[in-house]
Amino acid sequence: MPELSAQRAGEPTGTERRPVTKVAVLGSSGFVGRAVVAGLDSSGVEVQPVAAPRLSWPLTEALRNGAVPADRHRDVVNALAAQLDGAHVVINTAGLPDGSAPDSPALYGGNSLLPTLVARASALVNASRLVHVSSAAAQGSMALDETSQTMPFSPYSRSKAIGERLLQRENCIDTVIYRSTWVHDVDRPNTRSLIRLAQSRMSCVAGDGTAPTPQVLIGDVAAAIVHLALVNGSVPPIVLQPYNGMTTGLLLRLLGGREPLHLPPRVARYATRCLSTYGRTSLTANAHARRVDMLLFGKRQTPGWLADQGLAPKLRPEAWERLRTAGTHPTSASTPNVEAVARPRTGDSRPVETSGVDAAHRFLTK
């Protein structure tokens, strides 16, 4: 094993921590990792990029093991420890982020096995905290909260849920699992797809469109992760990205620049029941059905620790509108006033053709 820094005599223990001046980031070249590095740089912290190993772990083995065996990939742990040496805090943003990915050993290697190996490597170098970036997708259709309960509905969400479960079995280092909600940025493929949908005739919501939906900007995600890395004192084992006030109708108005179709809730619920039946054919089909359900009805979440700390992000409609207009040449017809677009719709829902739900589903499953 490579020679590592010895534990410093007289270092604080318990909830007291030495000043954080160096943070190691796994996955620093990825979507979330780049934003986290930028946030750390602006905080004056030295960033230590770490290359994440490519791991392969069959699903059968991931499900069979209640914990990662102690002798599992010791060479990988040692190699990671050599890269992490000197870091006070470790942030793991690495993994396979494709929400529509099929089952594969690479998916479970990156999202299920790697977090535990990172924890063990972080403990070897005496890091004071590990921040592991997970996903709210692990909780599936249940209301989002900060409990350890999960309800995966796709290969990706299952890989994240297994990763959380195995990581919680490790007691070698202070660890916080951060569950990000649905993240958006101008170059995010999922964001561009949603913008195209919002601008099309397929854009629709259930009822008046005031249901909450857990959508967040990448800058707000990075700010939450940086806070978890640098904050002194104890942090809960699981932390959820705070809600910013976004609703189903407002999301589509801001990204589409137009009013979405408003389906009567009874019609929309019938459509989602049909899609749920289709979703039972496979985990991938279930993932598509869940996307349509959240597009129509949104999803509730329980306020958590970050919100209690006063760190819930502001909605900032103008930032969401910039996602829509980025890379385009806006005109007076295509770029409405932000306040007008953000104004919630009130009154009864107007009936529309139910084919809009089917069209939205076809669009989202491309």
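To keep things clear, this report deals only with the structure shown in the data block. What you are looking at is a predicted structure, and each value in this text was computed from that prediction instead of being measured.

Basis of the calculations
- Residues numbered from 1 in each chain as written.
- Predicted model: local features only at pLDDT ≥ 70, side-chain atom pairs only at ≥ 80, totals over all residues.
- Heavy atoms only, no water.
- Helix = DSSP H or I, 4+ residues; strand = E, 2+ residues; numbered from the N terminus.
- Buried < 20%, exposed > 50% of the residue type's maximum accessible area, 1.4 Å probe, protein only.
- Areas by Shrake-Rupley, 256 points an atom, 1.4 Å probe, with all protein chains shown as cover.
- Phe/Tyr/Trp six-rings, centres within 6.5 Å; stacked < 30°, edge-to-face > 60°.
- Lys NZ or Arg CZ within 6 Å of the ring centre and 35° of its normal.
- Polar contact = N/O pair within 3.5 Å; in protein donor to acceptor, adjacent residues only side chain to side chain.
- Contact = heavy atoms within 4.5 Å.
- Pairing = 2+ DSSP bridges.
- Axes fitted to C-alpha atoms, helices over the stretch in contact; angles between N-to-C directions.
- Arc of directions from axis to C-beta.
- Core = buried A, V, L, I, M, F, W, Y, C linked by side-chain atoms within 4.5 Å.
- Parallel < 35°, antiparallel > 145°, perpendicular 65-115°, else oblique.
- Left-handed = near helix turned anticlockwise from the far one by under 90°.
- Salt bridge = Lys/Arg side-chain N within 4 Å of Asp/Glu carboxyl O.

Another aspect to go through is the overall build of the protein. Secondary structure assignment for the protein yields 14 helices and 10 strands. Taken over 366 residues, the protein has a buried fraction of 53%. Carbon and sulfur atoms make up 52% of the accessible area of the protein, which totals about 16,300 Å².

Attention shifts here to the packing of aromatic side chains. Here the structure, examined in full by the defined rule, presents zero aromatic pairs. Cation over ring: Arg 269 sits above Phe 297, and NZ or CZ is 3.6 Å from the ring centre.

Further remarks concern the side chain of Asn 92. With respect to the helices and strands, the residue Asn 92 is situated in strand β3 (residues 89-92). A distance of 3.1 Å separates the side chain of Asn 92 from the side chain of His 132, its partner in a polar contact. Setting aside residues up to four positions removed in sequence, Asn 92 forms contacts with Leu 26, Leu 114, Pro 115, Val 118, Leu 130, Val 131, His 132 and Val 133.

Our focus in this paragraph is the sheet that holds β3. Read from one edge of the open sheet, six strands run β2-β1-β3-β4-β5-β9, paired in parallel fashion. Pairing within the sheet leaves two strands with one partner each, and these edge strands are β2 (46-50) and β9 (238-240). Across the sheet, the axes of successive neighbouring strands diverge by a mean angle of 20°, strand direction being ignored. Here strand β1 (residues 22-26) pairs with β2 via five bridges, running parallel.

Glancing now at helix α3 (residues 74-84). Along α3, the residues that are buried comprise Val 76, Val 77, Leu 80, Ala 81 and Leu 84. Angular distribution of buried residues about the axis of α3 spans 135°; they occupy a single face of the element. Remark: Gly 86 follows α3 within two positions and exhibits a positive phi of approximately 100°.

A separate point is the nonpolar core. Within the largest apolar cluster, 33 residues are counted, with the highest numbers of intra-cluster contacts made by Leu 26, Leu 80, Leu 84 and Val 90. Elements represented by at least two residues in this core include exactly β1, α3, α4 (105-124) and α5 (155-168). With eight residues, α4 is the single largest residue contributor to this core. Excluding anything up to four places from it in sequence, Leu 26 contacts Val 50, Ala 52, Leu 80, Leu 84, Val 90, Ile 91, Asn 92, Thr 93, Ala 94 and Val 118. Counting residues in each nonpolar core, the second largest holds 32 residues, with Val 36, Ile 91, Ala 222 and Val 239 among its members.

Moving on to the packing of helix α1 (residues 31-42) against helix α7 (residues 218-230). Helix-helix packing is characterised by the crossing angle of the two axes and by the distance between the axes. As a packed pair, α1 and α7 sit with axes 8 Å apart at the nearest point and diverge in direction by 60°. Between α1 and α7, the crossing angle belongs to the class labelled oblique. For α1 against α7, the interelement crossing comes out right-handed. Contacts between α1 and α7 involve Phe 31, Val 32, Ala 35, Val 36, Gly 39 and Leu 40 on the former and, on the latter, Ile 218, Val 221, Ala 222, Ile 225, Val 226 and Leu 230.

Let's shift gears to the pattern of salt bridges. One pass over the structure, following the stated rule, counts 10 salt bridges. For Glu 170, the salt bridge identified is with Arg 120, shortest N-O distance 2.9 Å. Of this pair, Glu 170 sits in the loop between α5 and β5 (175-180) while Arg 120 sits in helix α4; the two residues are 50 residues apart in sequence, bridging distant segments of the chain. In this pair, the class of Glu 170 matches that of Arg 120, namely buried.

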